[in-house]
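# Observations on the model geometry
Chain by chain, the residues:
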Amino acid sequence: MSRFKASKFRHTEARPPRREAWIGGIRAGSVTSYGNNVKASCCWIAFNAEASGVLGIVPLECEDGGKRTVSQLCCHSDVVTDFDFSPFDQLLLATGSADETVKVWRLPQSSQDIPSGAGLTLGPGGGPVDMLQFHPTADGILASGTGKRVTIWDMEQQQPLTVLDSHRDQLQSLAWKRDGSLLGTSSKDKKLRIFDPRVSPAASQSVLGHENNKDSRLLWIGSSDCLISIGFSQMREREVKLWDMRRFSGAMLTMALDTSPGAAIPLYDADTGLLVMAGKGENLLYCFEVAPTQPALTQVTQCRTEGSTRGLATVPRLALDVMACEVLRVLQLTDTALVPVSYVVPRKSVQDFHEDLFPDCTGTLPATGAQAWWAGDSQQVGRVSLHPARRPTETFTSPIIACTWLQAANTSPTIDTGPTNTDTDTNADQSEGSGYSSPSSLASPGSATTSLSASTGPSSGFASSPSQKSLQSILGPSSRFRHAQGRVLHRDTHLTNLRGLSLTTPGECDGFCANHQFVALPLLSAGGQIAILELSKPGRLPDAAIPTIQNSVAVTDLTWDPFDPQRLAVAGEDAKIRLWRIPQGGLQETLQEPEAVLQGHTEKIYSIRFHPMASDLLVSSSYDMTVRIWELSTGREALCLQGHTDQIFSLAWSPDGKKLATVSKDGRLRLYEPRRSPLPQQEGPGPEGARGARLVWVCGGDYLLVSGFDSRSERRILLYQAQALPKGPLSVLGLDVAPSTLLPFYDEDTSVVFLTGKGDTRVFLYEVTPEPPYFLECNSFTSSEPHKGFIFLPKTVCEVREVEFARALRLGQSTLEPVAFHVPRVKKDYFQDDIYPPTRVWWEPALSASAWLSGEDGQQRRASLQPTDMTPVSQAPKEAPARKFVPAAVYLEKSDEQKKEELLSAMVARLGNREDPLPQDSFEGVDEDEWD
């Protein structure tokens, strides 16, 4: 008789699913880190998304058999290196990043939105966070690895309990023992270390692990004193070792796997003793059974997958299909999908619960808290049955972050009904193909979720209850435009086949410019050629050459005259400004002679801007460190402003045209009153980074918004009070890490600022307010490919019947696409007068250049955008709330035939009128002789 007992898992099979069961529609990131790149709780799956600093979030199970909605959690300003779900609170997610911070998030239930802000932030910790792991028995304890040290955090106190810093080189992995008493680590110095954090920050034991310093991993074998390590030998073979900490001088067992170079991702299940491994970039899953008492490592099965592995995770045992004898489920992250691979033990009866396969597992109620554990409490987590009839129903909510419903009150999508007190319909139009994402989520194509918000603003259509008002006081204000949607208009409105575009314009230039009639696009051709296209003539441009402007030198900036739509000002590298007049109807032949040439700068010009109030007035900045104001009617230089000591990044007129603000490379903001003095009236500190900056006036000209970089190259926006620049910014908001400068556009009617950079795929939207918190986040717009430029058109081109409040032009590789931003509203038949206040008549000057230079000021009149056949929504008749549900008694009284007839009528109504002619019926025929 054999002394070895036969294992009940020796016949375990790996069953990859069909493609229909894959979680598709994702774009996984290729992050180089020590993390697994994907993790799962009983509710959610999180994975590294393609965008930097973003995690993809998807429900573990489908709701009612439908498709899963893939959302995005915008976590950090740099790449997310590792993340972990709490073993107790299934909605609690911790994320670590190269931005040196750890953030803890409370995810919502599946019917609500992903949160836009972290519940708490730990750090910065003096270096990129490399790995994270929650404590297995105590709630509120998190271990994070940064460089050569491990920090044990008390999350409720937001303070470290201890720091383990006896490593001599980069950490590569960390792992808690299942009973929570010890912590094991592996590092690049080839050592494995055991720590007892409550006794000493120094390692209690250490041993040489693997002879190669390539990526290694360490795992505890349950609550035993044995460990598993995976690394590389001196001959670069991938190997697995079993260790006993009671005899830690050498490995109990060493087994060579293969010679693959990819770092292994090991997953160990303590209840079955199964070890699953896969190498990053490979398509083979190993499965071993671990028997540390013998010791033995027995291969159970191998599974070859269709896609290469980017990440690997196990599903919690409480989420397994035990009646199908599923003893383990592994989630494989590939480039475009999450593939759930089930490990099943074949049994004749699949109708009975097999106690031998599914012993009681660790429950989800913590045994102790952070401070109690630190004081010496070593209680263990209770075990629970996996039997469907005996499974526990209680759930645990960690007190370190407020409950989900608090965040849901401010982040779930609201159907905005305008400033009325009625709600007759909660289904807002969803535009197909829109490229918008919520401040923290992005639904996958073809999916949409709608839920009712607890928003209590004047446009929500619901009266505020006392509890809702208290929620608002806790969560702060929210923007009226938080659900704004951006979408690319139909391709019939696109200009395509754009050739030879210049993508090398200076960073101070927007890349191209447009007004309500024309678009001016610099070309790559020699001689500073500029293409002039008419917006009223969309379509494919001919392959042959088109008439252009011959500027004779490379273009550095260009802008249209707001008061003369046929005049284009172009700045060149030769320190001259040329004024060009475009004939009515566009260019019919090449223009070679400008209308006028302005000379005065001695170095290359950075940027040019027309005055917002006075006609024939232009300002320019140059490498000669001067800002000059030109009177175009006479072609003379009227004023010259001094005071800059380095490159001028950007300049902007105040809305009333009295002041001029600049931001420069010397890190200073300057405010001028040009008619009073050539020197700055005020100076203040600008952005720290010297890579570029832009500024724009906001909130009626009382504040300045500046976009720039910090010392770590994070893109950020800063808000200043215009009359108090020396005091510094009122508010600073970090956005992301990217190389291009954010180009701001401010809509003065809605107080919404749009921010994006050349080469970006995302446009940020914020409502700017003069009171804290100053920046109210709105939905952002995302495109499928990077844009070369993104500029906005005048407000008068917006389609108010579609509640469109801004329209932009997006320049792609060879296309120019209009993008419309609108607000979802139910009562679109009414003019939304809360969205459209009387707008400034920007096309009419308030005064002449000579009058402004002599000291006069003017004010433009305002005009309503309301069409004559629309009634303002504020004057809409009040309606009683529509009854949402038909009483059950009414439905039960109907016969089966009546029910069938109603169902059939509803289906036919959805299909439309079948008597309508088909599209091909309108096609013209072909003569018989044309077939020959």
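All of these numbers come straight from a predicted model, not from anything done at the bench.

### Concerning the overall build of the chain
Helix and strand counts for the chain stand at 6 helices and 66 strands. Classification of the 932 residues of the chain by burial places 54% in the buried group.

### A few points about unusual backbone geometry
Residue Gln 294 is joined to Pro 295 through a cis peptide bond whose omega torsion reads -20°. With respect to the helices and strands, Pro 295 occurs in the loop between β25 (284-291) and β26 (296-304). Residue Pro 772 is joined to Pro 773 through a cis peptide bond whose omega torsion reads 10°. Locating Pro 773 in the fold gives a position in the loop between β59 (762-768) and β60 (775-777). The backbone phi angle of Asp 616 is positive, close to 60°, even though this residue is not glycine. With respect to the element layout, Asp 616 can be found in the loop between β45 (605-610) and β46 (617-622). Taking relative accessible area as the criterion, Asp 616 reaches 23% and is therefore assigned partly exposed.

### Describing the pairing of strand β47 (residues 627-631)
Counting buried positions over the 5 residues of β47 gives 5, a clear majority of the element. Both faces of β47 are covered, namely the face carrying Val 627, Ile 629 and Glu 631 and the face carrying Arg 628 and Trp 630. Two elements, β46 and β47, share 5 bridges in a ladder whose sense is antiparallel. Of the residues in β47, the one forming a bridge with Ser 620 is Arg 628. Where β46 folds back onto β47 in an antiparallel hairpin, the turn is made up of 4 residues, including Met 625, whose phi is positive at roughly 70°. Judged from the 5 bridges that link them, β47 and strand β48 (residues 636-641) form a sheet pairing that is antiparallel. Residue Trp 630 lies in a different strand from β48, and its bridge partner there is Glu 637. Linking β47 back to β48 in an antiparallel pair, the connection comprises 4 residues, with Gly 635 at a positive phi of about 70°.

### Considerations on the side chain of Glu 239
Topologically, Glu 239 is positioned in strand β21 (residues 238-244). At 2.9 Å, the side chain of Glu 239 forms a polar contact with the side chain of His 210. Among residues more than four places away in sequence, those in contact with Glu 239 are His 210, Ser 229, Ile 230, Gly 231, Phe 232, Ser 233, Thr 254, Met 255, Ala 256 and Leu 257.

### Examining the sheet that holds strand β9 (residues 120-122)
Taken together, the 4 strands give an open sheet; going across it, the order is β6-β7-β8-β9, and neighbouring strands pair in antiparallel fashion. If you trace the sheet from one side to the other, it starts and ends with β6 (80-85) and β9, each paired once. Within this sheet the neighbouring strands show an average axis-to-axis angle of 20°, counted without direction. Here strand β7 (residues 92-97) pairs with strand β8 (residues 102-106) via 5 bridges, running antiparallel. The partner of Ala 94 across the bridge, within β8, is Val 104.

### So, the sheet that holds strand β20 (residues 226-232)
Taken in spatial order, the 4 strands of this open sheet run β19-β20-β21-β22, and their pairing is antiparallel. The sheet terminates laterally at β19 (217-220) and β22 (253-258), the two strands that pair on one side only. The average angle at which neighbouring strand axes cross in this sheet is 20°, direction not considered. By the bridge criterion, 7 bridges tie β20 to β21 in an arrangement that is antiparallel. Bridge assignment links Cys 226 to a residue of β21, and that residue is Asp 244.

### With respect to the confidence of the model for the chain
Mean pLDDT over the chain stands at 85; residues scoring 70 or higher make up 86%. Confidence, expressed as mean pLDDT per element, reaches its minimum in the chain at strand β33 (residues 436-437) with 38 and its maximum at β47 with 97. Predicted confidence is poor over residues 403-475, with pLDDT under 50, and the contacts of this stretch with residues over four places away or in other chains come to 168 contacts.

### Some details on the side chain of Asn 779
When you line up the elements, Asn 779 lands in the loop between β60 and β61 (780-782). A polar side-chain atom of Asn 779 sits 3.1 Å from the main-chain carbonyl oxygen of Ala 484.

### Re the environment of Arg 329
Among the secondary structure elements, Arg 329 is positioned in strand β28 (residues 326-333). When its relative accessible area of 11% is taken as the criterion, Arg 329 is described as buried. A C-alpha to C-alpha distance of 8.5 Å links Arg 329 and Ala 313, two positions 16 residues apart in sequence. Dropping the residues within four chain positions of it, Arg 329 is found in contact with Glu 61, Ala 313, Thr 314, Val 315, Ala 319, Leu 320, Asp 321, Pro 340, Val 341 and Ser 342.

### As for the pattern of salt bridges
When their charged atoms lie close together, side chains carrying opposite charge are able to pair. Evaluation of the coordinates by the stated rule reveals 58 salt bridges. Across the pair Asp 189 and Arg 193 runs a salt bridge, and its minimum N-O distance is 2.7 Å. Comparing Asp 189 with Arg 193, the two get one shared label, buried. Residues Arg 636 and Glu 631 are paired through a salt bridge, measuring 2.9 Å at the closest nitrogen-oxygen approach.

### What about the environment of Arg 10?
Tracing the backbone shows Arg 10 in the segment before β1 (13-15). Using a relative accessible area of 45% as the deciding quantity, one classes Arg 10 as partly exposed. Taking C-alpha positions, Arg 10 is 7.9 Å from Glu 289, a pair spaced 279 residues apart along the chain. Within the local environment of Arg 10, its side chain forms a polar contact with the backbone oxygen of Ser 7, the two atoms lying 2.5 Å apart. In this structure the side chain of Arg 10 is engaged in a polar contact, spanning 3.4 Å, whose partner is the side chain of His 11.

### A look at the packing of aromatic side chains
Across all of its chains, the model carries 21 aromatic pairs by this definition. Considering the side-chain rings of Phe 745 and Phe 754, the 6.0 Å spacing of their centres and the 40° angle between planes classify their relative orientation as tilted. Between the aromatic rings of Phe 781 and Phe 821, the centroid separation amounts to 5.9 Å while the plane-to-plane angle is 70°, which identifies the pairing as edge-to-face. In this pair, Phe 781 is assigned in strand β61 and Phe 821 in strand β64 (residues 816-822), connecting sequence segments 40 residues apart. Both residues of the pair, Phe 781 and Phe 821, count as buried. Chaining the aromatic ring pairs together yields one cluster made of Phe 481, Phe 745, Phe 754, Phe 781, Phe 790, Phe 792, Phe 805 and Phe 821. When the ring centre of Phe 232 is taken as reference, the NZ or CZ atom of Lys 214 above it lies at 4.3 Å.

### A word on the nonpolar core
Residues Leu 312, Val 327 and Tyr 343 are the most contacted members of the largest nonpolar core, which totals 30 residues. Of all the secondary structure elements, the ones that give two or more residues to this core are β23 (264-269), β24 (274-279), β25, β26, β28 and β29 (338-344). By residue number, the principal contributor to this core is β29, which donates 4 residues. Residues contacting Leu 312, with those up to four places away along its chain left out, are Asn 36, Val 38, Ile 265, Leu 267, Val 276, Met 277, Ala 278, Leu 285, Val 330, Leu 331 and Gln 332. Core analysis: the next-biggest nonpolar cluster, separate from the first, contains 23 residues, Ala 484, Leu 765, Ala 808 and Val 819 among them.

The rules we used
Residues numbered from 1 in each chain as written. Predicted model: local features only at pLDDT ≥ 70, side-chain atom pairs only at ≥ 80, totals over all residues. Heavy atoms only, no water. Helix = DSSP H or I, 4+ residues; strand = E, 2+ residues; numbered from the N terminus. Buried < 20%, exposed > 50% of the residue type's maximum accessible area, 1.4 Å probe, protein only. Pairing = 2+ DSSP bridges. Polar contact = N/O pair within 3.5 Å; in protein donor to acceptor, adjacent residues only side chain to side chain. Contact = heavy atoms within 4.5 Å. Axes fitted to C-alpha atoms, helices over the stretch in contact; angles between N-to-C directions. pLDDT = per-residue confidence, 0-100. Salt bridge = Lys/Arg side-chain N within 4 Å of Asp/Glu carboxyl O. Phe/Tyr/Trp six-rings, centres within 6.5 Å; stacked < 30°, edge-to-face > 60°. Lys NZ or Arg CZ within 6 Å of the ring centre and 35° of its normal. Core = buried A, V, L, I, M, F, W, Y, C linked by side-chain atoms within 4.5 Å.

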